[in-house]
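Residues per chain, in single letters:
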Amino acid sequence: MTGLLSELKRFERIDLSRVACHGTACCTAVRHRVFGRLMQYANMGAALAAVPELIRWGPVRWPAHWCDLPEGDGLTGDCGVHADVAAAVLTREAVPHTRGRAVLRPAPLAPAHWRASWTEAGAGDAWIAGRVVHHEVIKVGDQWWDPSEARWFSGAGAHLSGGRVLAVREEHGSWQLDSEASATHARP
Amino acid sequence: MEEGDPASGEPTYAAGTETVVAPFGRAAKAGTVFISGMHSDTNPSPGLSVARSLRLAWPGLRIVGLDYSPESSGLHSDVLDDLVCLPTWRRAHLETWVEQMCRLLEPDDALLIPCLDLEVRLLATELGFHDKILGPSKASLDMVRKPPVDAAERLGVRVAESETDTSWHAIDRFVRRSPHGVWVKGEVYDAYRAYTAGEVLALGSVVEHTWGGGWHLERHVAGQECSIAFAALNGRLLDAVFVTKALVTVAGKTWAGEVAELDDSLRDGLADLVADARWTGGGELELIRSWHGDLTLMELNPRFPAWIHGASVCGINLPAALVAGRAASRDGLLAPGFTRVVEEIPVNPTLGITPFGWVAGGLPRPADKHPSGMSCLGQRHLVPAERAAAPEESIPAPTSTAAQTGGFEELLGPPGPEATPSRHLLLPLFAEQFQALKEQVEGLGRVLLAHSVKTCPQPAVLREAARLGMVAEAISLAELEAADRFGLAAEQGILNGPAKWWPATDRVRCWAFFADSLAELRSLHARLDSGFELEAEVVGIRAAPVHVASRFGIPLHEPEAMAEAAGLLGSLARRLGAAWGLHFHFAQSVLGASRWQRECAAALGAADPLADQMGRPPAVLDVGGGWHIDDMPYVRASLGYVLEHGPAAAREADPLLVLEPGKILTQPTVAVVTQVVVRRESRKHCDIVVDAAEGDMPEAPYQPHPVARFDGSRWVPLPPGRDRILGRSCMEHDVLGVRLDLSDVQEGDILAFGMCGAYDTSMAYDFGRGTASRELGHS
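As the structure is a prediction and not an experimental result, all values here were calculated from the model.

## Focus on the environment of B:P609
All names here are of chain B.
Part 1 of the reasoning: With respect to the helices and strands, the residue P609 is situated in helix α18 (residues 607-614).
Part 2 of the reasoning: Residue P609 is classed as partly exposed on the basis of its relative accessible area, which comes to 30%.
Part 3 of the reasoning: Put simply, P609 and A649 are 40 residues apart on the chain and 9.9 Å apart in space, counted from C-alpha to C-alpha.

## Looking at the packing of aromatic side chains
Part 1 of the reasoning: Following the criterion strictly, the structure yields 18 aromatic pairs over all chains and no others.
Part 2 of the reasoning: With a centroid separation of 5.0 Å and 50° between ring planes, the pair formed by A:W57 and A:W118 is classed as tilted. Of the two residues, A:W57 is situated in strand β1 (residues 55-57) and A:W118 in helix α5 (residues 110-120); the sequence distance between them amounts to 61 residues. Accessibility assignment for this pair places A:W57 and A:W118 in one class, buried.
Part 3 of the reasoning: Relative to B:F532, the ring of B:W501 has its centre 5.9 Å away and its plane inclined at 80°; by these criteria the two rings are edge-to-face. With B:W501 in the loop between β19 (494-495) and β20 (507-509) and B:F532 in the loop between α15 (518-529) and β22 (533-535), this pair connects stretches of sequence that are 31 residues apart.
Part 4 of the reasoning: The exposure class assigned to B:F532 is buried, which follows from its relative accessible area of 8%.
Part 5 of the reasoning: Its guanidinium or amino end placed over the ring of A:W57, B:R91 lies 4.2 Å from that ring's centre, counting from NZ or CZ.
Part 6 of the reasoning: Across the ring face of B:F532, the terminal group of B:R527 is positioned such that the distance to the ring centre comes to 4.1 Å.

## Re unusual backbone geometry
Part 1 of the reasoning: With an omega dihedral of 0°, the bond running from A:W62 to A:P63 counts as a cis peptide bond.
Part 2 of the reasoning: Assignment of secondary structure puts A:P63 in the loop between β1 and β2 (70-71).
Part 3 of the reasoning: Cis peptide bonds are those with omega within 30 degrees of zero, and the linkage from B:T420 to B:P421 qualifies with 0°.
Part 4 of the reasoning: For B:P421, the position within the fold is in the loop between α11 (374-379) and β16 (422-425).
Part 5 of the reasoning: Backbone geometry places A:A150, a non-glycine residue, at a positive phi of 55°.
Part 6 of the reasoning: By the element assignment, A:A150 lies in the loop between β6 (143-146) and β7 (151-153).
Part 7 of the reasoning: A residue is classified by how much of its surface remains accessible, and A:A150, at 1% relative accessible area, is buried.
Part 8 of the reasoning: Of note in the backbone geometry, B:M755 takes a positive phi value of approximately 60° without being a glycine.

Each value, and the rule that gives it
- Residues numbered from 1 in each chain as written.
- Chains lettered and ligands numbered in written order.
- Predicted model: local features only at pLDDT ≥ 70, side-chain atom pairs only at ≥ 80, totals over all residues.
- Heavy atoms only, no water.
- Helix = DSSP H or I, 4+ residues; strand = E, 2+ residues; numbered from the N terminus.
- Buried < 20%, exposed > 50% of the residue type's maximum accessible area, 1.4 Å probe, protein only.
- Phe/Tyr/Trp six-rings, centres within 6.5 Å; stacked < 30°, edge-to-face > 60°.
- Lys NZ or Arg CZ within 6 Å of the ring centre and 35° of its normal.

So, in structure tokens, the structure goes:
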């Protein structure tokens, strides 16, 4: 638990992601490419599910601009990009929400893959700790939304395909720990 | 890998310190078997079935399930001692995966049985020969690539007809000649059934998009689905089982099966095949057994089938044989077959339950058969393609004559000064087709050939038809009059269709007419009562198809319709002093020769009961429906089938057979010459826009047309590729050509579309030229 607490403190220092815009065509064209596609969906769940389908999960060097996302024929972005875009969709539709973060415990062999991919891309891997990883999410009402997997989840203690959710925290809020962990350990 | 000594009765790899179940005996030392592909739903991967079989053989063996997502449901099974959950292939790093797989297999007693198609291939590519992996090598896989022609030959069984040329024309032809439909098969995975060229093109795009590889077509083979599963080690066949599917799911997956031993012939052939391929691992041959008992090989999968535990519970445990390195001796089967049941199990607390995932389509996600992201593995092109993604480019164009779908350009002169788009009549092809048709019907008895006026009412064609001795088949009095004007005498003409008496007149003279409905028969009686003067030597009715939906004809297979039709037709024939006839009409180009001849024979079968009720046999049997230009060689066989299997009257009463094959005569007689006005490049392909549009060739969006480019001295056919030709109009569907190679085509170039006779000419219309319709123009 001590290890988890120290990782939580370290993750707090990671800013929630905001994709920046150069204010010129290089970025506005990509923004249009993204939101033009997302506007076609009349259903909010479908629109949010389209975010990770449109922007393939992969490494991004932060601070990132919109013009950094195109890669090959598609777009690439990490959970921070997904969260920022999903939040913009929610804002556009006037759905109250707050940005947030989660700490996941993935399957043991997974982090090595992600560290290798991020290193190859020259992107920072501060989001990957020893046994846990930092993941950006969104709070909508009393539910949490995983913008990279397009799934609702109940908060700490839930399982996502990226791993078990050990802790969640709304922006400017405090950490909520997995009940199993908080039953035996003090809250940070 | 060391093999166990069969004589000792000791398996090499099974757990030795655990209780061991006969007949595989006690293992020498503790071992771990990793098994991948653990997802289990109505389209399961084989992993859980393999794990159960090993558990059946060795209760104490350490079995570890391996997959690429916590949503892989079999990972939750308590059959497993442990699990390895790797990241989905959307998020996996190849080199890290290779390192981790090697590390998992470092212990001397560790083995991997890979059960995912693409993973098997990736392991073979990335790890090469690995003595801990019980899967086929790349060389083995190369020997059994799809379509499995070589494997079928070695086994002494048939192989399904296939087509690797995925140009539109080749697809259209293959589908038309596949009476039970076709399968669009991905290079490494997935298969979809299709019945039309349009469906094939759409499903081929789905396969390319989903799996990132090429595809081919296989003809559906009707019959009983069977499989041979086998286990082999270093080219030695260890054991095999023959399963006949008894129940299948909606997706065609096995739910129950009869289990049997292979006969000696199949076993010998299989042993030769695995020896030549130096096969290691499980495998499955998917087969169809015909009604006569012949086997056709459809596919060879490089892993155990997902039903493999069904064979194990019957006493043929192939996964255990593979791990043991030998087959267990057996005295018959423990059960004659197996069935599946659904079982609910608690989730593994380590993995938990992953919540519902939304999809962009807005619909609830169906059970995902690829939770491990295998399709992403295909899209990432980590597995080398077995064939090029666009194999059509390497396939030589089929030999063709000028009157087939290629070769029209040989008759087309250089482009002249006239404005494009322009239409060019290739009249010699009409006579060529007529001659070919005449040869087809020679020896079939009394046959009269009719020119379908609607397929080409051009005066030159009508005159040529008259010169060749044809009669006119008209669908209106206006057509009959036009035909008469250009030499096809009305009194020798045939009237068909639902509105043949239009425009209204007091007197009609023709040789024959065929009423399209009971209402038309009743109406004719009423009109005759009112003074309508009608002269015809033959009065007839059109029989509706029995098996395919049609808006035309009388459903004579329904007793009430038959009775009323016989009464009305009989009285009409007596009233006009005419003989009677029966007509069948359906587009052969839609059904293909095989289905058309069966429909025709079935519908004309009504002639016998009609004859019984009318007291005399038919004088005429009239068959029609636009035949496809490529199917000329099938005409004789199809008519022969109809005469042999149709009504007895066709053989006993010597009726005149009238053939109205429609567009097969006129389709090649026109070419449309057009100019390229825009060329649009993209990263993957290019589009060109030409000054012709669907109004100039209305069937172009729905039927493939050959295209040639004028290179300054001659017309050169465009080869197959991935590019499109778009019409000049603003209609989304105005796409005149697809899957063509336009790399040599530039703006300003002159192109020619062949096969623009028939409805491409007779139904052409002005659109996008600023012209008003006639009615508005007159006002």
